[in-house]
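One letter stands for each residue in the lines below.
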Amino acid sequence: MVLQMTNVYQVMSHGYIKAFEGFAIQGKLDGHLHRSFDNEDIRFRQRFAPFNIPMPIPLEVSKYPSLKQVISTSGAGKEKELFRESLENFTSVRQILDQIPPQHSVDSLSKVVKMNCVQMSLVVNGYCEDSKSPPVLDFGDMSKCPVY
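Here the structure is a predicted model, which means the values were calculated and not measured. Along each chain, residues carry numbers from 1 onward, in the same order as the chain's sequence is written. Restriction of local features to residues with pLDDT of at least 70 applies here, the model being predicted, together with a cutoff of 80 or more for giving and counting side-chain atom pairs; totals for whole chains, interfaces and linings are based on all residues. Hydrogen atoms and water are omitted, and side-chain values are computed over all heavy atoms in the structure.

(A) Region of interest: helix H5 (residues 78–99). Comment: elements are numbered from the N terminus, with helices defined as DSSP H or I runs of at least four residues and strands as E runs of at least two. Helix span is expected to be 1.5 Å times the residue number reduced by one. Counted at 1.5 Å a residue, the expected span for H5 with its 22 residues is 32 Å, and the 32 Å between its end C-alpha atoms agrees. Buried residues of H5: Lys78, Glu79, Leu82, Phe83, Ser86, Leu87, Asn89, Phe90, Val93, Ile96 and Leu97, and no others. Burial classes: relative accessible area under 20% of the type maximum marks a residue as buried, over 50% as exposed, and values in between as partly exposed (1.4 Å probe, protein chains only).

What follows is the structure in structure tokens.
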């Protein structure tokens, strides 16, 4: 169960990273999201988070160069590819969570993942493609995993 949940968080982190990079390529991230996390309280909590709960590594070191290469070679349609890969990540997380017996923490995480699957499928199909407004992150269901 612990290994499955670690895998879930790792794959979900990949989905978030790819979605954010896709939004950055589209120009929808103007830096205001980063400013909201730029305070001493956030840095303090992030530094000491490993002592409170086990957090998975969001990206394996061996996979970082390949992800960075995909991001740096942005061209026409590269954001669509990133959104599609993000959707695939969230879909695989949903499939893993469907195999785990129902628990309160798994249920709330499953709800977040399903909502992100729906949102990413809308983005992949071109919903709000012309809009320049940044994505809104909703931390209402889980404090560590937002819904787009």
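Here the narrative resumes, following the displayed structure.
(B) Local environment of the packing of helix H1 (residues 2–26) against H5. Each axis is a line fitted through C-alpha atoms, and for a helix only the stretch in contact is used; angles between axes span 0 to 180 degrees, taken between their N-to-C directions. Their axes nearest at 8 Å, the elements H1 and H5 cross at an angle of 160°. Our classification of the angle between H1 and H5 gives roughly antiparallel. The hand of the H1/H5 crossing is left-handed. Residues are grouped as follows: Ala, Val, Leu, Ile, Met, Phe, Trp, Tyr, Cys and Pro are nonpolar; Asp, Glu, Lys and Arg are charged; every other residue, Gly included, is polar. Considered class by class, the residues forming the contact of H1 with H5 number 14 nonpolar, 9 polar and 5 charged. An angle below 35 degrees is treated as roughly parallel, one above 145 as roughly antiparallel, one from 65 to 115 as roughly perpendicular, and anything else as oblique. We call a crossing left-handed when the near helix sits turned anticlockwise from the far one by less than a right angle, and right-handed when that turn is clockwise.

(C) Examining the nonpolar core more closely. If you look at the biggest cluster of nonpolar residues, it comprises 28 residues, and the most contacted ones within it are Met12, Phe23, Leu97, Leu109, Met120 and Tyr148. At the level of elements, H1, H5 and helix H6 (104–124) are the ones that each hand at least two residues to this core. Among the elements that line this core, the one with the most residues is H6, at 8 residues. Not counting the four nearest positions on each side in its chain, Met12 is found in contact with Phe90, Val93, Leu109, Val113 and Cys145. The definition of a nonpolar core used throughout is a set of buried Ala, Val, Leu, Ile, Met, Phe, Trp, Tyr and Cys residues joined through side-chain atoms within 4.5 Å. Should any heavy atoms of two residues lie within 4.5 Å, those residues are counted as being in contact.

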